[in-house]
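Spelled out, the chains give:
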Amino acid sequence: MPMQLIDTHVHINYLISLGSDLSEVVTRWRSAGVCQLLHSCVSPSEIKSIQTLAAQIDELYFAVGLHPLDAHKWTSEAEEVIRNFASADRKVVAIGETGLDFYKADNFEQQKKVFAAQMSLAQALELPVIIHVREAAQEAARQLRELKSTGGSLRGVMHCWGGTPEEMEWFLDLGLYISFSGTVTFKKAVQIKESCLMVPPDRLLIETDSPFLAPEPKRGKRNEPAYVRYVASQIAQLRGVPVETLAAQTTDNARKLFGLPESEQIACPG
């Protein structure tokens, strides 16, 4: 069987807004072996456009949520929109991206409140979460430990890992998956590479976060899902395993976490 890859974090709507041709982007990712993708969401206002893309592209699934940098937009109406879409569309497989970003914003209390609200919503809907954390690992871990101590379920992924190995261990201990993007290919990303070596095989995911953070050798260019193969190749090299093994592991992990069906795989060229 040809090697299959799942890109667990994309923003196809941004690629289109930047002028990319959707049909060409899809053709390239299928040719690269990308057979399923998860479109993240930063605001309820974009859910409709993401839903339209998912309806057009069989292998595209999506999340619904509010990014921490947009925490000031959180309202009861926004929560209801997220809840309704998550409940009504079978292609919604996660809540997010949510989390904490203390690097670009200082509304710490507001972010913590919105993060907690979306985690509670994910629990109620029995969906995993996509978590964005930047310069806020300690507080995010504290909130998640508190949530878990109440007996609530906790399933999800720390997306685009960029913290220290020690911080990553906190989230592994909480049962979360760790996803690596093109940053793992950067020469100076020493801590990210160290973290990558520490993740158990059954907790590892890969992503592009396209159109951001294009990997080597595409760095500086607009990122797209086809480039997830460079992420897979780099991680396989770091971990000393064949890329086919790495692809199979991460594909299986993504399907388990997000409930992606094997029956709807797209036939991808090798």
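Now for a look at the structure at hand. Starting afresh in each chain, residues are numbered from 1 along the sequence in its written order. Only residues with pLDDT of at least 70 are given local features in this predicted model, and only at 80 or more are side-chain atom pairs given and counted; all residues enter the totals for whole chains, interfaces and linings. Only heavy atoms go into the side-chain values, all of them from the structure, while hydrogens and water stay out.

1. Re the packing of aromatic side chains
For the record, the criterion: Classification of ring pairs uses Phe, Tyr and Trp, with its six-membered ring standing for Trp, and accepts pairs whose centres are within 6.5 Å; under 30 degrees between planes counts as stacked, over 60 as edge-to-face, and the remaining range as tilted. Every helix listed is a DSSP run of H or I at least four residues long, and every strand listed is a run of E at least two residues long, numbered separately from the N terminus. Buried residues are those whose accessible area, probed at 1.4 Å on protein chains only, stays under 20% of the maximum for their type, while exposed residues exceed 50% and partly exposed ones sit between those limits. The rule is short: NZ of Lys or CZ of Arg within 6 Å of the ring centre and within 35 degrees of the ring normal puts a charge over the ring.
Tallied over the entire structure, the rule returns four aromatic pairs. Look at Tyr-14 and Phe-212: their rings are 5.8 Å apart centre to centre, the planes differ by 75°, and that puts the pair in the edge-to-face class. A residue pair is termed long-range when its members are at least 10 positions apart, and Tyr-14 in helix 1 (residues 12–17) and Phe-212 in the loop between strand 8 (204–206) and helix 9 (228–239) qualify at 198 residues. By relative accessible area, which is 23% here, Tyr-14 ends up partly exposed. Of the residues examined, Phe-212 reaches a relative accessible area of 39% and is grouped as partly exposed. Across the ring face of Tyr-103, the terminal group of Arg-134 is positioned such that the distance to the ring centre comes to 3.7 Å. Geometry around Phe-186 places Arg-219 over its ring, the cationic atom sitting 3.6 Å from the centre.

2. A word on the sheet that holds strand 8
What links the strands of a sheet is backbone hydrogen bonding, and the strands pair in either a parallel or an antiparallel sense. Rule in force here: Pairing between strands is defined by DSSP: at least two bridges between the two strands are required. Lines fitted to the C-alpha atoms define the axes, with helices restricted to the stretch that makes contact. Angles between their N-to-C directions range from 0 to 180 degrees. The contact criterion used is simple: two residues touch if any of their non-hydrogen atoms lie within 4.5 Å.
Taken in spatial order, the eight strands of this open sheet run 1-2-3-4-5-6-7-8, and their pairing is parallel. The sheet is open, and its two edges are formed by strand 1 (5–10) and strand 8, each paired on a single side. Within the sheet, the average angular offset between the axes of one strand and its neighbour, ignoring direction, is 30°. As paired elements, strand 1 and strand 2 (residues 34–39) share four bridges and run parallel to each other. For Val-10, the partnering residue across the bridge sits in strand 2 and is His-39. Sheet strands touched by helix 9: strand 1, strand 2, strand 7 (177–180) and strand 8. Its angle to strand 8, the strand with the most contacts, is close to 145°.

3. Overview of helix 3 (residues 47–56)
This is how it is decided: By construction, the arc corresponds to the directions joining the helix axis to the C-beta atoms.
Inspection of helix 3 places Ile-47, Ile-50, Gln-51, Leu-53 and Ala-54 among the buried residues, and these make up the whole buried set. Angularly, the buried residues of helix 3 cover 160° about the axis, an arc narrow enough to put them on a single face. Opposite its buried face, helix 3 presents the exposed residues Lys-48, Ala-55 and Gln-56, each directed more than 90 degrees away. Buried residues along helix 3 sit against helix 1, helix 2 (22–31), strand 2, strand 3 (60–64) and helix 4 (76–88).

4. Considering the pattern of salt bridges
Basically, it comes down to this: Within this document, salt bridges are pairs made up of a side-chain nitrogen of Lys or Arg and a carboxyl oxygen of Asp or Glu, the two lying within 4 Å of each other.
Taken as a whole and assessed by the stated rule, the structure comprises ten salt bridges. A salt bridge links Arg-28 to Glu-24; the nearest nitrogen and oxygen atoms lie 3.9 Å apart. With a gap of four residues between them, Arg-28 and Glu-24 both fall in helix 2, about one helical turn apart. For Arg-28, a relative accessible area of 37% corresponds to the partly exposed category. On the basis of relative accessibility, which here comes to 44%, the residue Glu-24 falls in the partly exposed class. In this structure, the salt-bridge partner of Lys-256 is Asp-252, at a minimum N-O distance of 3.2 Å. In this pair, Lys-256 and Asp-252 both sit in helix 10 (residues 243–258), four residues apart, roughly one turn of the helix. Its relative accessible area of 34% is what places Asp-252 among the partly exposed residues. If you follow the salt bridges from partner to partner, you end up with Glu-24, Arg-28 and Glu-224 in one network.

5. Focus: the packing of helix 5 (residues 108–125) against helix 6 (residues 137–149)
Applicable threshold: When an angle is under 35 degrees it counts as roughly parallel; over 145 it counts as roughly antiparallel; between 65 and 115 it counts as roughly perpendicular; any other value is oblique. A crossing counts as left-handed when the near helix is turned anticlockwise from the far one by less than a right angle, and as right-handed when that turn is clockwise. Under the grouping applied here, Gly and all other residues not named as nonpolar or charged are polar, the nonpolar ones being Ala, Val, Leu, Ile, Met, Phe, Trp, Tyr, Cys and Pro and the charged ones Asp, Glu, Lys and Arg.
Close contact between helix 5 and helix 6 brings their axes to 11 Å; oriented N to C, the two are set at 40°. Viewed along their axes, helix 5 and helix 6 adopt a mutual orientation that is oblique. Along this stretch, helix 5 crosses helix 6, giving a crossing that reads as right-handed. Residues Lys-112, Phe-115, Ala-116, Met-119 and Gln-123 of helix 5 form the contact with helix 6, whose own contacting residues are Glu-139, Ala-140, Gln-143, Leu-144 and Leu-147. Among the residues making up the contact of helix 5 with helix 6, the classes are represented as six nonpolar, two polar and two charged.

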